[in-house]
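Overview (structure and organization)
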Amino acid sequence: KQEVTQIPAALSVPEGENLVLNCSFTDSAIYNLQWFRQDPGKGLTSLLLIQSSQREQTSGRLNASLDKSSGRSTLYIAASQPGDSATYLCALPRNSGNTPLVFGKGTRLSVIA
Amino acid sequence: NAGVTQTPKFQVLKTGQSMTLQCAQDMNHNSMYWYRQDPGMGLRLIYYSASEGTTDKGEVPNGYNVSRLNKREFSLRLESAAPSQTSVYFCASSGAGSRSPLHFGNGTRLTVT
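First things first, this report covers the structure right here in the doc. The model shown is predicted, which means the values in this text are computed figures rather than measured ones.

Analysis parameters
- Residues numbered from 1 in each chain as written.
- Chains lettered and ligands numbered in written order.
- Predicted model: local features only at pLDDT ≥ 70, side-chain atom pairs only at ≥ 80, totals over all residues.
- Heavy atoms only, no water.
- Helix = DSSP H or I, 4+ residues; strand = E, 2+ residues; numbered from the N terminus.
- Rg over C-alpha atoms; globule rule 2.2 N^0.38 Å.
- Contact = heavy atoms within 4.5 Å.
- Areas by Shrake-Rupley, 256 points an atom, 1.4 Å probe, with all protein chains shown as cover.
- Lys, Arg positive; Asp, Glu negative; His and termini not counted.
- Charge placed at Lys NZ, Arg CZ, Asp CG, Glu CD.
- Core = buried A, V, L, I, M, F, W, Y, C linked by side-chain atoms within 4.5 Å.
- Buried < 20%, exposed > 50% of the residue type's maximum accessible area, 1.4 Å probe, protein only.
- Buried area = accessible area lost by both parts, 1.4 Å probe.
- Salt bridge = Lys/Arg side-chain N within 4 Å of Asp/Glu carboxyl O.
- Polar contact = N/O pair within 3.5 Å; in protein donor to acceptor, adjacent residues only side chain to side chain.
- Nonpolar A, V, L, I, M, F, W, Y, C, P; charged D, E, K, R; others polar.
- Phe/Tyr/Trp six-rings, centres within 6.5 Å; stacked < 30°, edge-to-face > 60°.

1. A look at the overall build of chain B
Assigned secondary structure in chain B consists of zero helices and 11 strands. Secondary structure elements of chain B occur, N-terminal to C-terminal, as β-β-β-β-β-β-β-β-β-β-β. In terms of C-alpha radius of gyration, chain B reaches 13 Å, essentially the compact-globule figure of 13 Å for 113 residues. Counted over contacts in chain B with a minimum sequence separation of 6, partners at least 24 positions apart contribute 54%. Of the roughly 5,300 Å² of accessible surface on chain B, a fraction of 47% belongs to carbon and sulfur atoms. Averaged over its 11 positive side-chain charges, chain B has a centre that lies 4 Å from the centre of its 7 negative ones.

Right under this line is the structure:
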């Protein structure tokens, strides 16, 4: 059974800092990994999806990496802005194959102006 | 393009009352999901429908029923609400294959007194 852990649970940084959010998982036989953003009172928005054959994906100031052998993924945010403040969640299929996602509990990010 | 639409946004029920949460997507997605989100517990899968005409239990199905009415619509029913079902409920959908990200609605905040 896939288990997903995100540490730290909360993070506060000054504006402009580069930062890394961590996600670890127990079953490396995965199809893909997704990173999501959740703003307070809102649903989740997909940020990046990494296929199991890929090492990383980039979108603007965001870069997500995937290391299946170590069971880890990182989300790198460059030049952080107050608008990046949100909760970031990673998720993977619960079994091998295209099965429903299992989510980590997220990292709550605050970027201070 | 509306994406995933959930109704209602807020609901208060008394213990024992029933209600149906509605979800519709306009992206022609095959798969639809119901998750609940609770503080400290993260997102947990209640039920999902991999395709029209099929439904399967997730991690926490007790006390709920679902109906995949057609390809667009997937409803969640609480037959006899309990205080433990106080939560935020999210509907999500995805297309076929491992390259399709998950799209979420904005959630229904349910309180059972």
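2. Some remarks on the nonpolar core
A:Leu21, A:Leu33, A:Trp35, A:Leu75, A:Ile77, A:Tyr88 and A:Leu109 are the most contacted members of the largest nonpolar core, which has 22 residues in total. Put simply, the parts of the chain that give this core at least two residues each are strand 3 (19-25), strand 4 (32-38), strand 5 (44-51), strand 7 (62-67), strand 8 (72-77), strand 9 (86-93) and strand 11 (107-112) of chain A. Once you skip the residues sitting within four places of it in the chain, A:Leu21 turns out to touch A:Leu11, A:Trp35, A:Ser73, A:Thr74, A:Leu75, A:Ile77, A:Tyr88 and A:Thr107. Judged by nonpolar contacts, the second largest core, of 20 residues, contains B:Trp34, B:Tyr64, B:Tyr89 and B:Cys91.

3. Quick notes on the interface of chain B and chain A
Facing the 23 residues of chain B at the interface are 19 residues of chain A. Both faces combined, the contact of chain B with chain A buries some 1,600 Å², and carbon together with sulfur accounts for 53% of it. Sorting the residues of chain B by area buried against chain A places B:Leu43, B:Ser98 and B:Phe104 first, and these three jointly supply 30% of that buried surface. Counting across the chain B and chain A interface gives zero salt bridges. On the surface where chain B and chain A come into contact, there are five residue pairs in polar contact (both at pLDDT 80 or more). When residues in the side of chain B that touches chain A are grouped by element, the largest group, four residues, is from strand 5 (residues 42-49) of chain B. Here the side of chain B that touches chain A is built from residues that sort into 11 nonpolar, nine polar and three charged.

4. Some points on the packing of aromatic side chains
What describes a pair of aromatic rings is the distance from one ring centre to the other and the angle between the planes of the rings. Applying the stated criterion to the full structure yields nine aromatic pairs over all chains. Considering the side-chain rings of A:Phe36 and B:Phe104, the 5.8 Å spacing of their centres and the 90° angle between planes classify their relative orientation as edge-to-face. Placement of A:Phe36 in strand 4 and of B:Phe104 in strand 10 (residues 103-104) is noted, with the two residues assigned to different chains. By relative accessible area, which is 0% here, A:Phe36 ends up buried. Note on B:Phe104: relative accessible area 11%, which makes it buried. Between B:Phe90 and B:Phe104 the ring centres are 6.2 Å apart and the planes differ by 80°, which places this aromatic pair in the edge-to-face class.

5. Focus on the pattern of salt bridges
Applying the stated criterion across every chain, the model contains five salt bridges over all chains. The closest approach of N and O atoms between A:Asp39 and A:Arg37, which form a salt bridge, is 3.0 Å. A relative accessible area of 27% places A:Asp39 in the partly exposed class. Its salt-bridge partner being B:Arg44, residue B:Asp38 comes within 3.0 Å of it at the nearest N-O pair. Salt bridges here are not isolated pairs; linked through shared partners, they connect B:Arg36, B:Asp38 and B:Arg44.

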